[in-house]
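Fold and contact review
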Amino acid sequence: MDDPVLSKLSSLSAKNALSINYHDSHPSLVPLISIMSRIVPEDNLQLIQKIDDQWRSLPLKMIHMPESITNLQYANESPDIFWSSIKDYNLKTEAIGQELPDFALSVLCLPHSNADCERIFSSVNAIKTKYRNKLVTETINGTILTKECVKGGRSQTKNCVNFVPSKLMINRMTSNTLYPKKEIPSDNITTDIFYSTDE
């Protein structure tokens, strides 16, 4: 790969992070850290050293980790699940250090392409047509969220035909939330029109 970030992201997979053989060929995480200067500033040498030390000791500390974490190296789980598990484990035991999991999760949350936001723009264009051009932002947002909620359940065979809203969804659909009343300031109302007496 030509991309300097994507070519180094494989280090953060559970399989590579816990592998002693991988650490022999990639003993340091500094090449990845140096590219991510917005996450870890280049002048913060103490933080860079902490992250790198935690990276180097990670395979050795695997012995003390619970099986729920060590088994992730054999599963096809995404790296963010692995690093979230490491972070949770570290909050309980303080065995590894917080800097490495925080760095890994920060790197993994960066968008590496703009495909997701382009999909949202396409959805907005499909919803807000020239015939529906007066839709307010809240309505468009609600429509897109509903679409994503229904679409996101395909793995559990959910779709728009058999989708069942939760009780919380139904309870939120009240006339006050769907059609909020705009209050008119009282100084604009003149009651003397209705109660005026002609003399």
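These numbers come from a predicted model, not from an experiment. (Residues numbered from 1 in each chain as written. Predicted model: local features only at pLDDT ≥ 70, side-chain atom pairs only at ≥ 80, totals over all residues. Heavy atoms only, no water.)

The N-to-C vectors of helix α8 (residues 115–127) and helix α9 (residues 137–151) enclose an angle of 115 degrees; their axes lie 10 Å apart at closest approach. The handedness of the crossing between α8 and α9 comes out as right-handed. For the pair formed by α8 and α9, the contact residues are Ile 120, Ser 123, Val 124 and Ile 127 on the first element and Ile 140, Thr 143, Ile 144 and Lys 147 on the second. (Axes fitted to C-alpha atoms, helices over the stretch in contact; angles between N-to-C directions. Helix = DSSP H or I, 4+ residues; strand = E, 2+ residues; numbered from the N terminus. Left-handed = near helix turned anticlockwise from the far one by under 90°. Contact = heavy atoms within 4.5 Å.)

A separate point is the side chain of Asn 90. Along the chain, the position of Asn 90 falls in helix α6 (residues 79–93). Within the structure, Asn 90 has its side chain in polar contact with the backbone nitrogen of Gly 97 (distance 2.9 Å). For Asn 90, the side chain forms a polar contact with the side chain of Gln 98, separated by 2.8 Å. (Polar contact = N/O pair within 3.5 Å; in protein donor to acceptor, adjacent residues only side chain to side chain.)

What follows deals with the pattern of salt bridges. When the charged atoms of two side chains lie near each other, side chains of opposite charge can form a pair. Summed over the entire model, instances satisfying the criterion amount to 3 salt bridges. Lys 50 serves as the salt-bridge partner of Glu 99, at 3.8 Å between the closest nitrogen and oxygen. On the criterion of sequence distance, the pair formed by Glu 99 in helix α7 (residues 99–108) and Lys 50 in helix α4 (residues 45–61) is long-range, its members being 49 residues apart. Residue Glu 99 is classed as partly exposed on the basis of its relative accessible area of 22%. The class of Lys 50 is partly exposed, set by a relative accessible area of 38%. One salt bridge connects Lys 87 with Asp 102, and the closest N-O pair in it is separated by 2.8 Å. (Salt bridge = Lys/Arg side-chain N within 4 Å of Asp/Glu carboxyl O. Buried < 20%, exposed > 50% of the residue type's maximum accessible area, 1.4 Å probe, protein only.)

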